[in-house]
Amino acid sequence: MKNSGSDLIERLNLKPLIESLIAVLIGFLIGAIVLLAFNYSPLEAYYWLLVGALGSKDDIASTLSYATPIMMTALTFAISARTGIFNIGAEGSFYFGAIAAVIFTSIWGNMWFGLVMGMLLGALWSLPAAFLKVYRGVHEVISTIMLNWIAWFFVLWLVVGPYANPSDPNKTIRIPESARLPLIGNTDLSIAFVLAVVAAVLSYYLLWHTEFGFGMRASGINSRAARYGGVNPDRAVIWSFVIGGIMSGLGGAMKIMGEPPTYAISQGMANVYGFGFDGIGVALVGRNHPLGIIFAAVFFGMLRAGTSLMQARAMVPLEIIRVIQGIIVITVAIPGLYDLIKKSLRRGG
Amino acid sequence: MDAGSVISILINSFMAMVPIVLTSVGAVWSERAGVVSIGYEGVLLMSAFFGAMVAEITGHATAGLIGGMLTGALLGMLHGILTVYLKGDHVIPGIGINLLGMGVVPFGIIAYWGTAGQHQVAVTLWSWDTRYGKVSPMVLVTVAIALVTWWVLFRTPLGLRVRAVGENPEAADALGINVEKYRFWSTVYGHTLAGLGGAYMSVAWLGIVQKTMSAGRGFIALANMVFSGWNPLTALLGGWLFGFFDTLATWLAPLHVVPGQFILMLPYVLTLIIVAGIIGKARPPKWDGKPYRRE
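Residues numbered from 1 in each chain as written. Chains lettered and ligands numbered in written order. Predicted model: local features only at pLDDT ≥ 70, side-chain atom pairs only at ≥ 80, totals over all residues. Heavy atoms only, no water.

### Observations concerning helix H10 (residues 232–252) of chain B
Owing to its 3.6 residues per turn, the α-helix brings residues three or four apart onto one side.
Residue and element names in this part refer to chain B.
1) Next: Compared with an ideal rise of 1.5 Å per residue, which puts 21 residues at 30 Å, H10 spans 30 Å between its outermost C-alpha atoms and is within 8% of the ideal.
2) Next: Of all the positions in H10, only Pro232, Ala235, Leu236, Gly238, Gly239, Phe242, Gly243, Phe245, Asp246, Thr247, Leu248 and Ala249 are classed as buried.
3) Next: Looking at the buried positions of H10, the neighbouring elements they touch are helix H1 (3–32), helix H5 (137–155), helix H8 (179–205), helix H9 (217–227) and helix H11 (260–278).
4) Next: Looking at where H10 begins, the residue whose side-chain oxygen comes 2.9 Å from the main-chain nitrogen of Leu233 is Asn231. (Helix = DSSP H or I, 4+ residues; strand = E, 2+ residues; numbered from the N terminus. Expected span 1.5 Å × (residues − 1). Buried < 20%, exposed > 50% of the residue type's maximum accessible area, 1.4 Å probe, protein only. Contact = heavy atoms within 4.5 Å. Polar contact = N/O pair within 3.5 Å; in protein donor to acceptor, adjacent residues only side chain to side chain.)

Rendered as structure tokens:
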């Protein structure tokens, strides 16, 4: 009887979920210590964070809006991770997806055209890292980070140069009305959120219910065994980069096409920066599982949406959220966190 | 381009080399012992921040450098506990440390100095001021560290043991070497050097703390480590090359020969090309990034 709780946890394979929850808890705990160290009130900060994230219909809409792009970049990381690749390149593909939406909807103001071109450019930008990995053995962490910086400067040039808005140089030209994503229920939330959830479910189906996805996962677990089993691990790696690039590219396009009232990339690319990195945190908390990522993304979306009220009411700089996210990711990296805590609890009790 | 500009670019390239060389040399040592870390970007950022903070509190730039080293050492211990003792993945904690740096630094700048985005450091390290730009004594320190690290790694019993632990931990273990201890302290050493490099950026070189000041240098240092073939001496040369291109880019950008963005892209494009050209020939230590469990 004494251990029935933990037996249930092991039988239902809830360990990953519990470990993620513990990581989140530790993130908030250390975040509170940091806040106290700088003379802020953590209780006040967290209270306004929660109110800002879920307090009203518009707040919930904004939570889901923030969840959308990081769901897409998290899928990029997770799909690659399942193939045994640490793809940090979501950031670069995201920029390219965003600028693709701006460029191509200005040619033909059609929503689907903008989304498809975003996916295409995102996928194209993932190819150099894929080929360098497979044919030159270059570690993807280094190549994707370099490609992110190259993408940053290239897209920045397009944003301040050829595609700058002549009547408002702080932004690019706007997405034409005919290509904007429809909004849901009289809020600022666009159907991008629905498309992101569909993308996550499709990723799940692809990875776990198709032969193709099985091959990808098999080569991620053991590439030599996969080769023996008739899977070409090199091809699996290239496809994981490409599908990952599609996800981030689509994320970038949806961000710009579904973001009222701007519908443009803003100065210094402020509204497209950082989603690739946040996506890594989302993927790790979601345990690289597409369905887990949906929930993790909504949770991270809450953190982002709540920050403006937290900053305004509790006067806490919104960057504290990134501190908490960093601690959560480090905690997730502790192997066997659940067993570790159970053991120390038993010792304590 | 006149002679003065050439000398000035050369001098500045030595200044720009310091954080890359220190991080690369530290990473070489750590990977020779078998521990991979990709968290140096975050280490550079956080040690730049805490280094500047310590320098201003104590009024001594040297104390700031030590503060940066301590920051690096603590992060190295965190990474070492997760990877060496708990046998965890080597890449994920590095991602976490990088994310942490992206949060701690902008938050700290606002919370501690009350300004957003950037802080001018009040206490900076003494340097030689020449007609062509300043030269920090840290340039010499960096060269010395690279030379001494090479010597210890390849010419002393300590270095032999460190390399044995990364190359063949089973044999090392059989000879009575404490694999975990050597791996752990090698990780700490690697991160400490990166911490010195980070503090150098804020209290000796740039004189500012900024949330994007590491600008990919942590990763460029890793690329340089691969380029060097895991050798501190070649890492010194490679680090200077990257420093040179970094300086050249900042020097060329305002001239508007081509759009500035394309010039600023240069160091990253070159890193990619160099890494692509070199790998295949270069071979990491055999047990690099793999946890070792005693049978």
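After that view of the structure, there is still more to cover.
### Concerning unusual backbone geometry
Residues and elements named next belong to chain A.
1) Next: Along the chain, Pro260 connects to Pro261 via a cis peptide bond; the corresponding omega equals -5°.
2) Next: Structurally, Pro261 is set in the loop between helix H11 (233–257) and helix H12 (275–285).
3) Next: Phi is positive for Tyr263, which is not a glycine, with a value near 50°.
4) Next: In this structure, Tyr263 sits in the loop between H11 and H12.
5) Next: Phi angles above zero are rare outside glycine, and Met269 is one such case at about 55°.
6) Next: With respect to the element layout, Met269 can be found in the loop between H11 and H12.

### Brief notes about a nonpolar patch on the surface
1) Next: Taken together, the side chains of Ile184(A), Val194(A), Val198(A) and Leu202(A) make up a nonpolar region of the molecular surface, amounting to roughly 320 Å² of accessible area.
2) Next: Inspection of the secondary structure puts Leu202(A) in helix H8 (residues 192–209). (Patch = residues over 30% accessible without salt bridge, like charges linked within 9 Å, V, L, I, M, F, W, Y side chains within 5 Å. Areas by Shrake-Rupley, 256 points an atom, 1.4 Å probe, with all protein chains shown as cover. Salt bridge = Lys/Arg side-chain N within 4 Å of Asp/Glu carboxyl O.)

### A closer look at the packing of aromatic side chains
1) Next: Scanning the entire structure with this criterion turns up 37 aromatic pairs over all chains.
2) Next: A centroid spacing of 5.9 Å and a plane angle of 40° characterise the contact between Phe14(B) and Trp240(B), whose relative ring orientation is tilted. Of the two residues, Phe14(B) is situated in helix H1 and Trp240(B) in helix H10; the sequence distance between them amounts to 226 residues.
3) Next: Among the aromatic residues, ring-to-ring pairing joins Phe96(A), Trp125(A), Phe154(A), Trp157(A) and Phe262(B) into one connected group.
4) Next: Between Arg313(A) and the ring centre of Trp48(A), over which it is positioned, the NZ or CZ distance is 4.7 Å. (Phe/Tyr/Trp six-rings, centres within 6.5 Å; stacked < 30°, edge-to-face > 60°. Lys NZ or Arg CZ within 6 Å of the ring centre and 35° of its normal.)

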